Amino acid sequence: MNEKMTRLQIKKMVKLIIGVVFIMVIITGFLIYSLSQTMNDSARKQMTIETEEYKNRINKQIESDFQSLDTLASFFTSEMIEDRDSFARRLDTSNKQNNFRTMAFFYGNGSGIVSTLGLGVKKNMSYKDLNEAVHPVIEKAFEGEKSVSRLFKSDAIDGRVFAYAIPVYIDGELSGVLMASDQIEIFSDIINGNTVLGGNGYLHMVGTEGNFLVRSQNSVVKEKISNIFDGPYFDPDEVDVLKQEMKDQKKVFSSFMYEGERYQVLLDPVGLNGWYLLCVDTLQDSNSSIYPVLGIMGVALVGVALIILFLLIYGFRMVQRNNRELWHRAYHDSLTGAKNLPYFNQELAKRLMEGRKLSVAALNIHQFKFINEIFGREYGDTLLREVKEVLDQKMREGEFFARDKADLFYLCLLDTDREQILTRLQDIMSAIVNISSHHHNNYQILLYCGVASNEENNKDVTPLMTHVMFALTTAKGSYQNNVWFYDSDLHEKEKKENYVESHMHQALRDGEFQFYLQPKVDLRTGQLKGAEALVRWVKADGSMIYPDEFIPLFEQNGFCTKLDRYMVECACRQIRQWMNEGTEPVGISVNQSKLLFYENDYITTLTNLIQKYDIPGNLITLEILEGLAADHVDELNHKISLLQEQGFRISMDDFGSGYSSLNILGNLHIDELKLDRGFLMEVSDGRDARARIIMEQIVQLTRRLQISTVVEGVETEENEKLCSDMGCDLGQGYYYSRPIPREEFNRKYMEQVQ
Ligand code: C2E
Ligand code: CA
Ligand code: CA
């Protein structure tokens, strides 16, 4: 996992966890809300049920009061009410029995008897003398309607009272009005008598303005307030709305805080005189403890989620740090802190893919191994660190470098201009040399560099790196040039040479060296007079390597002797085949390398071959090179004569191509002279008349010495005519035929001869 991916993962996780925390908070909030809602709902329901119950009781009380009045009235007779005195006594007694405050009976004219507890009876009193609040009730009763008055302050007693009045019918006629008044406190028994909400609540009875009518003894609010709006029950901002709602006799749910607790409240109209029951639910007390629990739970949940988040981030950070460390280790060289080869290759691949023009340089220190051995590893390490420091400073924007192993540094330079690169590398090298010279003044380190550029817009790393290494190897070998640029031709040549050297033995074994023949033709008659054996290396894949590409190398490494012997044997075998077939054989010339002549068993080997194939030696011509004669003419002549004794013919090849002198012709006992292709080229060119003179001289000389002449490189009819005019014997060249495989040669020439 790389850095980017880890970061993405972390981001994803953080988002996920934040999401989870968010959802948890919402769920917790929702839970708290819905729980409190449910509790509120159930509290409200409870309160409603409770107030309904109490309203019933109040109404029942009033009802029973009316009933008492009704019952009383049903016993009234005309006679009874006419006797005012006795009726007044009766009323007074009834009043005492029924526990009313006041009882009164008013006759049709509005005057009547009024009995008030503790004040006695007044026998002739107009109802108008009573408190105003009572007037409408009495008037309604005169109209045949029962009703209850609003509360009023009684003159007679301390406290508020209310009055009831019913019409009294005797013998079906409205005969008067029976009235009773009672202290509001009669409801105290109702309100305080039973436990409200099963002991978890209380009730007050209040008027439309919010004034207390009957106070509960169980109130949680301790302050003696006269109006509910003066206390903590309602928010002062709500008061106006509430008052209006109460006027409209609406039911109101609310809640209030008191001494740190929240209570649910219900204001429920009694349905009588605008009176209200104020119900307070004190059960909240115990229930409210669930909120902190829920709160704590929520906080705990969020806390846990945050801890998980923290742990995850921490874990990721650790992984990231580890990754970074691993990455650092994977892409850095521990000794110098520079980047390493895998990093270099990776970056290089990226740049190449982008199509950047760049060069790679490989930097090395001459004899670093010995520096380590002589001055110690520590010094070697310091040196490498210094190289890294210099490179750190010298690299430009977008460029990079790495240390591979030992003292091998790779530099990627964003430039392909050789001059520029050379200047930069020399600057880098001198900077390195200047630093390191501080340590060991007596030893000046020497650096060298190989450079390869991607001029062909190559996208592949491998060839570029191979070229750099090739250039570095070349740079190492050439002391005069400490920066070497990769040269593709040179590299190709070296590659081929490598192949040749490493495959020659196998090629000889596998018959990859093939025997080609090129005809030698009589210039006068045009008849085939012989053939030159020329080797061709045909690789397994069918491709061909020409002798120029491997003979010089084989001459250097000595393999030529083996190859030449092989070719001689091929020639012998071919002649044997012709003889066996009854074909008139022609002589075959075989090229012989210099080395062969210095081999002790050379002559024996050749002799053994002609004996083995049982062929006359004069059918084999050995082509030797003029350079052989330069040093030891006598020794050479001796060998030549030994070979000639065995019947072999000796030909001097490439005459005129090197330092040949005409003297050689006189001194060497050769049978044939092959004039180098260059002669013919010069003569046929016609520009230099001397060339022709020289060639004619040579031909004349060979005639005199009885050496036959072969002209190489006859390519045209004119060439042929030129040569025959000059008196040459044989011609060889593309005009007649290119060197061709043995089988083709046989088909073309040997069947004709037959
Ligand atoms: P060489 O001995 O001088 O062989 C003649 C070369 O000239 C041959 O090249 C041949 O193909 C080429 N040639 C022939 N006629 C013409 C022509 O009309 N025009 C031109 N332009 N070229 C012509 P090849 O076969 O490539 O051989 C090159 C050289 O390699 C030979 O030069 C010879 O020195 C050496 N060589 C070839 N085979 C052997 C071998 O088996 N052993 C040794 N030691 N050297 C060999
Ligand atoms: Ca030759
Ligand atoms: Ca030649």
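Remember, predicted model here, so these are calculated numbers, not experimental data.

**Remarks on the site of ligand 1**
Looking at ligand 1, there are 23 residues lining it, with Gln-518, Asp-564, Arg-677, Glu-715 and Tyr-734 nearest. In this structure, an oxygen atom belonging to ligand 1 sits 2.7 Å away from a main-chain N or O atom of Tyr-734. Its free accessible area being 790 Å², ligand 1 has 86% of it covered by the protein chains. Secondary-structure elements contributing two or more residues to the shell around ligand 1 are strand E19 (528-538), helix H15 (547-557), helix H16 (559-581) and strand E23 (649-655). Ranked by residue count, the leading element in the shell around ligand 1 is E19, at 4 residues. Each residue belonging to the shell around ligand 1 can be placed in one class, and the counts come to 9 nonpolar, 5 polar and 9 charged.

**What about the coordination of the calcium ion (ligand 2)?**
As a benchmark, a tetrahedral metal site with four donors has ideal angles of 109.5 degrees, while an octahedral site with six donors has ideal angles of 90 or 180 degrees. Distances from the calcium ion (ligand 2) to its protein donors, Glu-532 (OE), Asn-591 (OD1), Glu-623 (OE) and Asp-653 (OD), fall at 2.0 to 2.3 Å. When the donor residues of the calcium ion (ligand 2) are listed from N- to C-terminus, their spacing reads E-x58-N-x31-E-x29-D.

**Observations concerning the domain arrangement of the protein chain**
Parsing the protein chain into structural domains produces domain 1 (75-186), domain 2 (341-486) and domain 3 (497-753). Domain 2 and domain 3 are separated by 50 Å when their C-alpha centres are compared.

**A short note on the coordination of the calcium ion (ligand 3)**
Note on the calcium ion (ligand 3): its protein donors are Asp-653 (OD), Asp-654 (OD), Glu-712 (OE) and Glu-712 (OE). The metal-donor distances range over 2.0 to 2.6 Å. The calcium ion (ligand 2) is placed at 3.9 Å from the calcium ion (ligand 3), the two being bridged by Asp-653. Taken as a pair, Asp-653 in strand E23 and Glu-712 in strand E25 (residues 708-712) lie far apart in primary sequence, 59 residues in all. Glu-712 shares its class with Asp-653; the two are buried.

**A short note on the pairing of strand E8 (residues 201-206)**
With 6 of its 6 residues buried, E8 lies for the most part within the structure. Residues Gly-201, Leu-203 and Met-205 point to one face of E8 and Tyr-202, His-204 and Val-206 to the other, with burial holding for every one of them. Pairing analysis gives 6 bridges linking E8 to strand E12 (residues 276-281), with the strands arranged antiparallel. Bridge pairing in E12 places Gly-201 opposite Asp-281. Between E8 and strand E9 (residues 212-214), which pair antiparallel one after the other, the connecting turn spans 5 residues, and Gly-210 there sits at a positive phi close to 95°.

**Looking at the nonpolar core**
Membership of the largest hydrophobic core comes to 79 residues, with the highest contact counts inside it found for Phe-513, Phe-550, Phe-554 and Leu-675. Sort the elements by how many residues they give to this core and H16 lands first, with 10 residues. If we skip the residues at most four places from it in the chain, Leu-675 touches Phe-655, Met-695, Ile-698, Val-699, Val-710, Val-711, Glu-712 and Cys-728. Membership of the second largest hydrophobic core comes to 45 residues, among which are Phe-66, Met-103, Val-148 and Ile-191.

**Observations regarding the environment of Ser-737**
As for its position among the elements, Ser-737 is in the loop between strand E26 (730-732) and strand E27 (740-741). Taking the C-alpha atoms as reference points, Ser-737 and Phe-485, separated by 252 residues in sequence, lie 43 Å from one another. Sequence-distant contacts of Ser-737, defined by excluding residues within four places in its chain, comprise Gln-518, Pro-519 and Tyr-749.

**Topic: the side chain of Lys-674**
One can find Lys-674 in strand E24 (residues 672-675). A relative accessible area of 0% means that Lys-674 is categorised as buried. Polar side-chain contacts of Lys-674 include one of 2.7 Å to the side chain of Glu-623. Once you skip the residues sitting within four places of it in the chain, Lys-674 turns out to touch Glu-532, Glu-623, Ser-651, Met-652, Asp-653, Asp-654, Phe-655, Val-710, Glu-712 and Gln-732.

**Here we look at the sheet that holds E12**
In spatial order, the strands read E9-E8-E12-E11-E10; together these 5 strands make up an open sheet with antiparallel pairing. Both outer strands of the open sheet, E9 and strand E10 (252-258), are each paired with one neighbouring strand and no more. When the angles between neighbouring strand axes are averaged without regard to direction, this sheet yields 35°.

**A few points about helix H22 (residues 689-704)**
For H22, with 16 residues, the first-to-last C-alpha span of 23 Å sits near the 22 Å given by 1.5 Å per residue. Residues of H22 that are buried include every one of Ala-691, Met-695, Ile-698, Val-699 and Thr-702, and no others. Seen from one end, H22 has its buried residues packed into an arc of 95°, which puts them on one side. Seen from the buried face of H22, the exposed residues on the opposite side, beyond 90 degrees, are Ala-689, Arg-690 and Arg-704. Each element contacted by the buried residues of H22 is listed here: E23, helix H20 (662-667), E24, helix H21 (677-685), E25 and helix H23 (717-726). Following H22 by one or two positions, Gln-706 adopts a phi angle in the positive range, close to 55°.

**What about a negative patch on the surface?**
Taken together, the side chains of Glu-79, Glu-82, Asp-171 and Glu-173 present a region of like negative charge at the surface. Relative to the helices and strands, Glu-82 is located in helix H2 (residues 78-82). Given the relative accessible area of 63%, Glu-82 is considered exposed.

**Section: the packing of helix H10 (residues 368-375) against helix H11 (residues 377-394)**
In the contact formed by H10 and H11, the axes pass within 6 Å of each other and the chain directions differ by 130°. Considered as vectors, H10 and H11 are oriented oblique to each other. Side by side, H10 and H11 meet where Phe-368, Ile-371, Asn-372 and Phe-375 of the first sit next to Arg-377, Tyr-379, Gly-380, Leu-383 and Leu-384 of the second. When its residues are assigned to classes, the contact of H10 with H11 shows 6 nonpolar, 2 polar and 1 charged.

**A closer look at the sheet that holds strand E15 (residues 409-413)**
With mixed pairing, 5 strands are arranged side by side in an open sheet as E14-E15-E13-E16-E17. Whereas interior strands pair on both sides, the edge strands pair on one side only; in this sheet they are strand E14 (400-403) and strand E17 (483-485). The average angle at which neighbouring strand axes cross in this sheet is 20°, direction not considered. Note: strand E16 (residues 447-453) against E17, 3 bridges, orientation parallel.

**Concerning a nonpolar patch on the surface**
Together, Phe-22, Ile-23, Ile-26, Ile-27 and Leu-31 line one region of the surface with nonpolar side chains, adding up to about 490 Å² of accessible area. With respect to the helices and strands, Ile-26 occurs in helix H1 (residues 3-74). Here Ile-26 falls in the partly exposed class, since its relative accessible area comes to 44%.

About the criteria used
Residues numbered from 1 in each chain as written. Chains lettered and ligands numbered in written order. Predicted model: local features only at pLDDT ≥ 70, side-chain atom pairs only at ≥ 80, totals over all residues. Heavy atoms only, no water. Near = heavy atom within 4 Å. Polar contact = N/O pair within 3.5 Å; in protein donor to acceptor, adjacent residues only side chain to side chain. Areas by Shrake-Rupley, 256 points an atom, 1.4 Å probe, with all protein chains shown as cover. Helix = DSSP H or I, 4+ residues; strand = E, 2+ residues; numbered from the N terminus. Nonpolar A, V, L, I, M, F, W, Y, C, P; charged D, E, K, R; others polar. Donors = N, O, S within 2.8 Å, 3.2 Å for Na, K, Ca; no water. Domains from an automatic or database assignment. Buried < 20%, exposed > 50% of the residue type's maximum accessible area, 1.4 Å probe, protein only. Pairing = 2+ DSSP bridges. Core = buried A, V, L, I, M, F, W, Y, C linked by side-chain atoms within 4.5 Å. Contact = heavy atoms within 4.5 Å. Axes fitted to C-alpha atoms, helices over the stretch in contact; angles between N-to-C directions. Expected span 1.5 Å × (residues − 1). Arc of directions from axis to C-beta. Patch = residues over 30% accessible without salt bridge, like charges linked within 9 Å, V, L, I, M, F, W, Y side chains within 5 Å. Salt bridge = Lys/Arg side-chain N within 4 Å of Asp/Glu carboxyl O. Lys, Arg positive; Asp, Glu negative; His and termini not counted. Charge placed at Lys NZ, Arg CZ, Asp CG, Glu CD. Parallel < 35°, antiparallel > 145°, perpendicular 65-115°, else oblique.

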